[in-house]
Amino acid sequence: MLARHADPIAAIATAPGRGAVGIVRVSSPQDLAPLIEAVCGRALKAREATYLPFRDADGAPIDQGLALYFPAPHSYTGEHVLELQAHGGAVVMQLLLARVIEAGEAIGERTEQAGARVRLAEPGEFTQRAFLNGKLDLAQAEAVADLIDASTETAARSASRALGGALSHEVGVLRDQLIQLRMLVEATLDFPEEEIDFLEKADAFGRLDRLTAQLSAVQARTRQGALLRDGLKVVLAGQPNVGKSSLLNALAGAELAIVTPIPGTTRDKVSQTIQIEGVPLHITDTAGLRDDTADEVERIGVSRSWDAIADADVVLFLHDLGRLGQADYEAEDERIRARLAAVESSRIVQVFNKADLGAAPEGEIALSLKTGDGLEALRQRLLKTAGWQAVPEGLFIARERHVQALARTAEHLALARAIAEQRDAALDLLAEELRLAHDALGEITGAFSADELLGVIFSSFCIGK
Ligand SMILES: Nc1nc2c(c(=O)[nH]1)N(C=O)[C@@H](CNc1ccc(C(=O)N[C@@H](CCC(=O)O)C(=O)O)cc1)CN2
Ligand SMILES: Nc1nc2c(ncn2[C@@H]2O[C@H](COP(=O)(O)OP(=O)(O)OP(=O)(O)O)[C@@H](O)[C@H]2O)c(=O)[nH]1
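Residues numbered from 1 in each chain as written. Chains lettered and ligands numbered in written order. Predicted model: local features only at pLDDT ≥ 70, side-chain atom pairs only at ≥ 80, totals over all residues. Heavy atoms only, no water.

An unreviewed UniProt entry annotates the protein as tRNA modification GTPase MnmE originating from Pelomonas dachongensis. Per UniProt, the protein carries the Subunit (unreviewed entry) text "Homodimer. Heterotetramer of two MnmE and two MnmG subunits." (UniProt positions renumbered as here; feature names shortened; annotations may be inferred.)

Pasting the structure below:
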């Protein structure tokens, strides 16, 4: 592992395909002067763009472009970094990348230094090096990927804040207070006679309570950040012909699913990601639920509908106000309701569609996709069910991993509190819980993290990042 991190790496940093400009980027812990001399034909001033021809092994120019050299440690990765900014054609980029690899080989042979050889970078490897060299912590490195993948403006701005260290800062404030508390408790362990007295005088338990309260505020903001990144899985369910496909189209603002008056039109799932106030919602329209169908294709569709329902964060259960009160319709709705009993009730939202044809029961959500009435209220209801609070200032993007780590931190603090409350509290156990809380918090910024975790995180990046 260590040796691999010492390799010089190279990749095309810009998106594959045609582009106005494309960049080949090299990062190396070793001096890049020989490589620069070979490809650029001269030495480069630090951090200054130089317009020059990039040359082949035989001296023929491949392209004219800008070369940028960032000597270590003042670069993105913290290593020596060379950027070749050329015309962004796919072939030009490949030639330039191949030239860098070939020049590395030649220098390696000439100088008998294996360390001069440049290899292709793995996905996320530049950012991984930035992390290993302390340029970014783990939460910031994750934010780099989340910024690139952001699907809404709110998500992008929030990822940028996380990259700037917003989440890391919040975690840092908690960590500093936790460290102070740990120091108090650990110091007390050395004076067993007066331990509890000492802790009370130092307001250790007050500190613990304040820390817990602050942690809970950070947890709330982090959950918002994770929601912004991952979105919410919403499934539209109900009998055939209640208006599920019409609702998908209305939410998406496009004719995605086929709408007809014929029951059983939708026979397979249709999914689309939309956004409401910047929160991504992954909406799935399903085949209308009925169990009396003789049609084999529709039967499979219905079975897939139930799978989607089981996997949903929110199920919108649609009803048809034009058919309310009809015996066969009511009986079928009752059957669906019974089967939905297996789904947590907090995940189910009842929606009464076709309000232009009849009145919804008291207190229920009424919607008419024909007139558009009730659509905005439904959107707001979806956000509320998702746990979204009106955009708080300084929102940062986050991941489920961070939410989990904070939850574990909270668990250990709660255990510490419970121990502190006992008469003759076992201070060593208290100290241990605080240590575990500290470890859990440290996983967010990567202060303590397994190689395995790093592998998972960085391998999901794009190449060249
Ligand atoms: N051409 C180009 N554009 C890019 C990047 C890049 O690598 N190349 N980035 C990357 O993906 C992002 C910018 N990230 C960067 C982060 C740090 C440094 C850097 O030189 N840091 C030094 C100096 C800092 C300073 O002067 O304040 C350092 O940290 O010491 C450069 C780019 C977005 N745009
Ligand atoms: N009057 C009225 N008709 C509606 C409304 N919403 C949908 N419809 C009509 O109801 C019919 C069925 O709509 P769809 O959206 O295809 O219903 P579905 O639930 O997806 O149906 P399946 O594909 O059979 O499961 C279409 O003719 C729609 O135009 C509404 O609010 N009012």
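Of regular secondary structure, the protein possesses 16 helices and twelve strands. By the compact-globule yardstick of 23 Å for 465 residues, the protein is too spread out, its C-alpha radius of gyration being 29 Å. When the backbone C-alpha atoms are referred to their principal axes, the protein occupies close to 90 × 75 × 35 Å. If you take every contact in the protein between residues at least 6 apart in sequence, the share linking residues at least 24 apart comes to 66%. As presented, the protein carries roughly 22500 Å² of accessible surface, and 53% of it is formed by carbon and sulfur atoms. Distance from the positive charge centre (47 side chains) to the negative charge centre (68 side chains) of the protein: 4 Å. (Helix = DSSP H or I, 4+ residues; strand = E, 2+ residues; numbered from the N terminus. Rg over C-alpha atoms; globule rule 2.2 N^0.38 Å. Contact = heavy atoms within 4.5 Å. Areas by Shrake-Rupley, 256 points an atom, 1.4 Å probe, with all protein chains shown as cover. Lys, Arg positive; Asp, Glu negative; His and termini not counted. Charge placed at Lys NZ, Arg CZ, Asp CG, Glu CD.)

The immediate surroundings of ligand 2 are formed by 24 residues, with Lys244, Ser246, Gly264, Thr266 and Leu369 found nearest. Between an oxygen atom of ligand 2 and a side-chain N or O atom of Lys244, the distance comes to 2.8 Å. The separation between an oxygen atom of ligand 2 and a polar main-chain atom of Leu369 is 2.7 Å. Calculation on ligand 2 without its partners gives an accessible area of 650 Å², and the protein chains cover 88% of this total. Broken down by element, the shell around ligand 2 gets its largest block of residues, three residues, from helix 10 (residues 244-252). Each residue belonging to the shell around ligand 2 can be placed in one class, and the counts come to eight nonpolar, twelve polar and four charged. (Near = heavy atom within 4 Å. Polar contact = N/O pair within 3.5 Å; in protein donor to acceptor, adjacent residues only side chain to side chain. Nonpolar A, V, L, I, M, F, W, Y, C, P; charged D, E, K, R; others polar.)

Glancing now at the packing of aromatic side chains. In this structure the tally under the stated criterion is two aromatic pairs. Arranged with centres 5.4 Å apart and planes meeting at 35°, the rings of Phe458 and Phe461 form a pair that is tilted. For the pair shown, Phe458 and Phe461 are each scored as buried. Connected via pairs of aromatic rings, a cluster forms that spans Phe131, Phe458 and Phe461. One Lys or Arg, Arg339, reaches over the ring of Trp306 and ends 4.2 Å from the middle of that ring. (Phe/Tyr/Trp six-rings, centres within 6.5 Å; stacked < 30°, edge-to-face > 60°. Buried < 20%, exposed > 50% of the residue type's maximum accessible area, 1.4 Å probe, protein only. Lys NZ or Arg CZ within 6 Å of the ring centre and 35° of its normal.)

Let us now look at the site of ligand 1. In the vicinity of ligand 1, the contacting residues are Ile23, Arg25, Arg47, Phe70, Pro73, His74, Ser75, Tyr76, Glu83, Gln85, Lys135 and Lys465. One nitrogen or oxygen atom from the side chain of Arg47 is found 3.0 Å from an oxygen atom belonging to ligand 1. His74 places a polar side-chain atom, nitrogen or oxygen, 3.0 Å from an oxygen atom of ligand 1. Relative to its free-state accessible area of 690 Å², ligand 1 is covered by the protein chains to the extent of 49%. Residue assignment for the shell around ligand 1 shows that the elements contributing at least two residues are strand 2 (19-28) and strand 5 (80-88).

This part covers the pattern of salt bridges. All chains considered together, the criterion is met by 28 salt bridges. Here Asp176 makes a salt bridge to Arg175, at a shortest N to O gap of 3.8 Å. One network of salt bridges, in which partners are shared, links Glu142, Asp146, Arg229, Asp230, Arg399 and Arg401. (Salt bridge = Lys/Arg side-chain N within 4 Å of Asp/Glu carboxyl O.)

Another aspect to go through is the pairing of strand 2. Summarising burial for strand 2: seven of the ten residues are buried, a large majority. Bridge analysis of strand 1 (residues 9-12) against strand 2 gives four bridges, and the strand direction is antiparallel. Across the sheet, Ala10 pairs through a bridge with Val26, a residue of strand 2. Counting the residues between successive antiparallel strands, the hairpin from strand 1 to strand 2 contains six residues, one of them, Gly17, with a positive phi of roughly 105°. Pairing geometry for strand 2 and strand 5, over nine bridges, is antiparallel. Each residue of the ladder has a partner; that of Arg25, found in strand 5, is Glu83. (Pairing = 2+ DSSP bridges.)

With that settled, consider the side chain of Asn249. Position of Asn249 relative to the elements: it lies in helix 10. Within the structure, Asn249 has its side chain in polar contact with the side chain of Glu255 (distance 3.4 Å).

Inspection of the secondary structure assignment puts Asn133 in the loop between helix 4 (125-132) and helix 5 (138-149). Once you skip the residues sitting within four places of it in the chain, Asn133 turns out to touch Thr77, Gly78 and Glu79.

Paired through their backbone hydrogen bonds, the strands of a sheet run either parallel or antiparallel. Strand order across the open sheet formed by six strands is 3-4-5-2-1-6, with mixed pairing between neighbours. Looking at which strands have only one partner, the edges of the open sheet turn out to be strand 3 (50-55) and strand 6 (119-120). Two elements, strand 3 and strand 4 (residues 61-70), share six bridges in a ladder whose sense is antiparallel. Among the inter-strand pairings, Phe54 is bridged to a residue of strand 4, identified as Asp63. Strand contacts of helix 3 (residues 90-111): strand 1, strand 2, strand 3, strand 4, strand 5 and strand 6, with the helix running at about 150° to strand 5, the strand carrying the most contacts. Along the sheet, helix 4 makes contact with strand 1, strand 2 and strand 6, crossing strand 1 at roughly 135°. (Axes fitted to C-alpha atoms, helices over the stretch in contact; angles between N-to-C directions.)

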